[in-house]
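Architecture at a glance
Chain by chain, the residues:
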Amino acid sequence: MLYQRSSALFKEAQQVIPGGVNSPVRAFKAVGGTPIFAKSAKGAYVYDEDGNRFIDYINSWGPMLLGHAFQPVVDAVIEKTKEGTSFGMPTALETEIAELAVSMVPNIDKIRFVNSGTEACMSAIRLARGYTKKDKIIKFAGCYHGHSDSFLIAAGSGAVTFGTPNSPGVTQGTAKDTLLATYNDIENVKSLVEANKGEIAAIIIEPIAGNMGCIPPVEGFLEGLRAVCDANDILLIFDEVMTGFRLANGGAQELKGIDADIVCFGKVVGGGLPVGAFAARNEIMNHLAPLGPVYQAGTLSGNPLAMAAGLAMLKAINTDTGLMSRLEEKTKYLHKGITEALSKNNVTHTINRIGSMISVHFSDEPVVDFESAAKGNNDTFKKFFHGMLNKGIYIAPSAFETWFITDALTYQDLNETIAAVEEIAKDL
Ligand code: PLP
């Protein structure tokens, strides 16, 4: 593969954009090499500026559940654009997508649309604090909820009662209100709650984690969280930015049969346009301005093009009764193929999978939390990543990311991917 034009574009971009990118992971820092500059994409494929074609397992980091340039979304956006791109006034379209979302997702009465997953999670936390009149939150090490200050807190020794910021610019004052827990460890959560009795507003979690690779909750963990929240007047926030409308029409709540108090959305809900949303029962949502005192707003929130894209996407998901099982079958097929290809070549690995999310960890231990995810061999991952790229398979440039399976992938694409893994595995 030649990356001449991508290299030149990257050099040029670095003069005017920090690191040449508008979101850090795109810079390939974890794996080295030059980021690929996308030119276009259709279905399961993304094409770069040098004319290379890649089978895409990133899919814009999740939104393209039905493939790139999905025709109903493209048509809806083009049509809406002709009528004006933003009004800053309510539109019928916003109610239409809200009604559909509320009908698809369990346990929510109202939904508010924002512009990103970060905004959704940030607003959900403010709402939880306003509703409970408490300040502290619990988040899990390795879970990502966007880049707002409260969430940029890393675990460290002694971080049992409060964390330390992991980005300059996040104040100690903010950090002290974010408590860190270990994913899949309910006893750890219970002890944090006990040590901070009456002070915790919310527990926020990726109900199926996707930002330390894919890590499903162990049996009973989400149930345990629900019980701890109920016993202590804590709101349970499911960050379904990744899992919402992906793992089931009603997301992880439906898949796992657990009700959250507030649910955050992003990615799929916008069909590839910048959209996030948060939702809850009336009792909680009615605390939000203009009904209640908790302020939250946005010039472009509910933007007509974004809502048109999201609506076309949700309609397609809602009417395709075979979609979720098709996605799962494809993911299962890929899992089996990759396992065989790596095992045949004695490459130590663990694969986690649920629905259309899958991740390959170069470690032989079960990957159940951030600590075990971090044990994966990063040098092997780097070789694997570049090997795949050179064979036209685009996976995320980080060992801590999930692969997203789209409905546009054919079994031929999957076979091509498995064959690439088999070739690369010989040199790992
Ligand atoms: N929450 C989760 C679970 C995510 O995976 C992400 C992004 O990857 C976010 C929140 C933040 O969303 P955004 O990047 O749209 O701000």
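As the structure is a computational prediction, the values presented were derived from the model and not from experiment.

Criteria and cut-off values
- Residues numbered from 1 in each chain as written.
- Predicted model: local features only at pLDDT ≥ 70, side-chain atom pairs only at ≥ 80, totals over all residues.
- Helix = DSSP H or I, 4+ residues; strand = E, 2+ residues; numbered from the N terminus.
- Rg over C-alpha atoms; globule rule 2.2 N^0.38 Å.
- Buried ≥ 20, exposed ≤ 12 C-beta atoms within 10 Å, placed from the backbone.
- Contact = placed C-beta atoms within 7 Å.
- Pairing = 2+ DSSP bridges.
- Axes fitted to C-alpha atoms, helices over the stretch in contact; angles between N-to-C directions.
- Parallel < 35°, antiparallel > 145°, perpendicular 65-115°, else oblique.
- Left-handed = near helix turned anticlockwise from the far one by under 90°.
- Core = buried A, V, L, I, M, F, W, Y, C linked by C-beta atoms within 7 Å.
- UniProt positions renumbered as here; feature names shortened; annotations may be inferred.

Moving on, we get to the overall build of the chain. Within the chain one finds 14 helices and 16 strands. Relative to the compact-globule value of 22 Å for 428 residues, the chain shows a C-alpha radius of gyration of 21 Å, a close match. Taken over the C-alpha atoms alone, the chain extends approximately 55 × 55 × 45 Å along its principal axes. When the 428 residues of the chain are sorted by exposure, 49% land in the buried category. Across the chain, every contact between residues at least 6 apart in sequence was considered, and the portion connecting residues at least 24 apart equals 73%.

Here we come to the sheet that holds strand S2 (residues 45-48). Two strands in a sheet stick together by hydrogen bonds in their backbones, pointing the same way (parallel) or opposite ways (antiparallel). Overall, mixed pairing links the 4 strands, which are arranged S1-S2-S3-S15 in an open sheet. Where the open sheet ends on each side, the last strands, each with one partner, are strand S1 (38-42) and strand S15 (393-394). The pairing of S1 with S2 spans 4 bridges and is classified as antiparallel. Along S2, the bridge assignment pairs Lys42 with Tyr45.

Before going further, it helps to examine the environment of Gly51. As for its placement among the helices and strands, Gly51 is situated in the loop between S2 and strand S3 (53-56). Measuring from C-alpha to C-alpha, the distance between Gly51 and Ile237 comes to 43 Å, with 186 residues separating the pair along the chain.

This part takes up unusual backbone geometry. Here the residue pair Ala289 and Pro290 is connected by a cis peptide bond, since its omega of 10 degrees sits within 30 degrees of zero. Positionally, Pro290 belongs in the loop between helix H9 (282-285) and helix H10 (304-319). A positive phi angle, near 70 degrees, is found at Trp61, a position not held by glycine. Here Trp61 is to be found in the loop between S3 and helix H2 (71-81). Judged by the 19 C-beta atoms lying within 10 Å of it, Trp61 is partly exposed. Although it is not a glycine, Phe245 adopts a positive phi angle of roughly 60 degrees. Looking at where Phe245 falls in the secondary structure, it is placed in the loop between strand S10 (235-239) and helix H8 (251-256). Its 24 C-beta neighbours within 10 Å are what place Phe245 among the buried residues.

Looking now at the packing of helix H11 (residues 323-344) against helix H14 (residues 411-425). The interhelical angle for the contact between H11 and H14, taken along N-to-C directions, is 20 degrees, at an axis separation of 9 Å. Of the possible angle classes, the one that applies to H11 and H14 is roughly parallel. Two packed elements cross with a definite hand, and for H11 against H14 that hand is right-handed. Mapping the contact onto sequence places Lys330, Tyr333, Leu334, Gly337, Ile338, Ala341 and Leu342 in H11 and Tyr411, Leu414, Thr417, Ile418, Val421, Glu422 and Ala425 in H14.

Okay, the nonpolar core next. Of all hydrophobic cores here, the largest spans 135 residues; its most connected members are Ile237, Ile262 and Ala277. Per-element tally for this core: the top contributor is H10, with 10 residues. If we ignore the near neighbours within four places in the chain, the residues touching Ala277 are Ala101, Ile111, Arg112, Phe113, Val114, Ala120, Phe265 and Val269.

The next subject is the UniProt feature "modified residue: N6-(pyridoxal phosphate)lysine" (unreviewed entry) in the chain. In the numbering adopted here, UniProt assigns the feature "modified residue: N6-(pyridoxal phosphate)lysine" (unreviewed entry) to Lys267. Positionally, Lys267 belongs in the loop between strand S11 (262-265) and strand S12 (276-280). Not counting residues within four places of it along the chain, the set of residues in contact with Lys267 comprises Trp61, Gly62, Pro63, Gly117, Val241 and Met242.

What follows covers the sheet that holds strand S16 (residues 403-404). In space, the 3 strands of this open sheet follow the order S13-S14-S16, with antiparallel pairing throughout. Looking at strand neighbours, the two that pair on one side only are strand S13 (350-354) and S16, the edges of this open sheet. Bridge count for strand S14 (residues 357-361) against S16 is 2 bridges, and the pairing is antiparallel. Bridging across to S16, Met357 finds its partner in Phe404. Contacts from H11 reach S13 and S14, with the element oriented near 175 degrees to S13.

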